[in-house]
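Results of the structural survey
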Amino acid sequence: MAEDANSHEEDDLLTITANPDKDDDERHFDLADVPSVVEADDPLPQSDIYEGLFLRQEGVDASGPTWEQAKTTTLKLSALARTFENNQAAAAIGLLHRKVKLSIDPDLSPRSDDNMLMWDGSKHFLDFMLVVAGSMGCHAFLPNTVADHTFTITLDLRQSYRQFRPKYGKLGFDPTGSMMSIGTSASSELWFGFCPNANIEDLTVANEAPLLSEKHGDTRLSARHFRMAVMFLAYALSKIADLPIHVTHPYGPEDDIDAWRVADATNVYAPGNSALKM
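To keep things clear, this report deals only with the structure shown in the data block. (Residues numbered from 1 in each chain as written. Predicted model: local features only at pLDDT ≥ 70, side-chain atom pairs only at ≥ 80, totals over all residues. Heavy atoms only, no water.)

**Let's talk about a nonpolar patch on the surface**
As a reminder, the rule being used: Think of a patch as exposed residues, more than 30% relative accessible area, with no salt bridge, where like charges cluster within 9 Å and nonpolar side chains (Val, Leu, Ile, Met, Phe, Trp, Tyr) cluster within 5 Å. Methods summary: accessible areas were calculated by the Shrake-Rupley approach with a probe of 1.4 Å, and residue burial reflects only the protein chains presented. Each reported salt bridge corresponds to a side-chain nitrogen of Lys or Arg within 4 Å of a carboxyl oxygen of Asp or Glu. Strands are runs of DSSP state E lasting at least 2 residues, helices are runs of H or I lasting at least 4, and numbering of each runs from the N terminus. Relative accessibility decides the category of a residue: with a 1.4 Å probe and only protein chains considered, values under 20% of the type maximum give buried, values over 50% give exposed, and everything between is partly exposed.
On the surface, a nonpolar cluster with roughly 330 Å² of combined accessible area is contributed by Leu-126, Met-129 and Val-131. You can see Leu-126 is positioned in the loop between β2 (99-103) and β3 (154-155). Under the relative-accessibility criterion, Leu-126 is labelled exposed at 54%.

So this is what it looks like as structure tokens:
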């Protein structure tokens, strides 16, 4: 009888119910047929692991201070290097029980103009760059060459709803009520900024302007100013013979600017011109 029981147990270990008509990846088996000898306990919850690492220490009440509340000590980089070079394992392990702030020694931090340094900017991870023109015009985003057949921009003059949201950089003027999105180039967003004449004529005034990270108001143009800007751009585009842009009334069909729409004076908002590639 004992021999028969052992043989049945071996059969349990080797037998898996499968459908021979299906591929190996599609076969299923009943978990109830899995023998107890191959079962394992569920892993510990992450909350228990966190509590064991940060809250509980041997002989210390679990209600004590957490790792974030622990006192911070300062350790010089040179001292940490000596700990490694002298194979001071006990001291290194002791650092793991404390909240340590690493301080770099002055002699280990060379100046940026040190002759022993060779800077290389061929590879970088720059993800934001703000280019502001030094005078009126579009030369901030136009290529500095007579002709560049690879340069294209997509104009979209219907984005009156967009706000200028960069948090870093300096425009040289307060962006409140002064920014207008006009489209995109290959990897850039294109904006018109309408700043006071004083900020253009005097760089001292521009340099005293607040950073973009400081609090400012809504950057969108008012409805009236946005309409004026669109009409100016439509008139400038109509002078390019290859573009299908026409302006019938440069200043609008009515004296009151609020009494007419852009579509009443130009076809710049026509379906084919809403996203104009140039």
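**Structural notes on the packing of aromatic side chains**
Selection rule: When the centres of two rings from Phe, Tyr and Trp lie within 6.5 Å, Trp using its six-membered ring, the rings pair. Their planes under 30 degrees apart give stacked, over 60 give edge-to-face, and anything left gives tilted. A positively charged side chain is recorded as over a ring if its NZ (Lys) or CZ (Arg) lies within 6 Å of the ring centre. The angle to the ring normal must also be within 35 degrees.
Counting across every chain of the model gives two aromatic pairs. The ring centre of Trp-260 lies 5.6 Å from the NZ or CZ of Arg-227, which sits over that ring.

**A short note on helix α7 (residues 223-238)**
For clarity, the threshold we go by: Take the number of residues in a helix, subtract one, and multiply by 1.5 Å to get its expected span.
An ideal rise of 1.5 Å per residue puts 22 Å on 16 residues; α7 measures up with 22 Å between its terminal C-alpha atoms. Residues Phe-226, Arg-227, Ala-229, Val-230, Met-231, Leu-233, Ala-234 and Leu-237 constitute the buried set of α7.

**Observations concerning the side chain of Ser-178**
What counts here: Any pair of nitrogen or oxygen atoms within 3.5 Å is treated as a polar contact; in protein, a donor-acceptor pairing is required on top of that, and neighbouring residues in sequence qualify only through side-chain atoms on both sides. Here, residues are in contact when the closest pair of their heavy atoms is within 4.5 Å.
Here Ser-178 shows up in the loop between β3 and β4 (179-184). A distance of 3.0 Å separates a polar side-chain atom of Ser-178 from the backbone oxygen of Thr-176. Among residues more than four places away in sequence, those in contact with Ser-178 are Phe-173, Phe-192, Gly-193, Phe-194, Thr-219, Arg-220 and Leu-221.

**Re the pattern of salt bridges**
Using the criterion set out here, one finds five salt bridges in the structure. A salt bridge links Asp-258 to Arg-224; the shortest N-O distance between them is 2.7 Å. With a gap of 34 residues between them, Asp-258 in the loop between α7 and β6 (276-277) and Arg-224 in helix α7 connect regions that are remote in the sequence. A residue is classified by how much of its surface remains accessible, and Arg-224, at 38% relative accessible area, is partly exposed. Across the pair Arg-261 and Asp-264 runs a salt bridge, and its minimum N-O distance is 3.6 Å.

**A closer look at the environment of Glu-208**
Its place among the elements puts Glu-208 in the loop between α6 (203-207) and α7. Glu-208 sits in the exposed class, given a relative accessible area of 63%. In this structure, the C-alpha to C-alpha distance between Glu-208 and Gly-172, residues 36 residues apart in sequence, is 7.5 Å.

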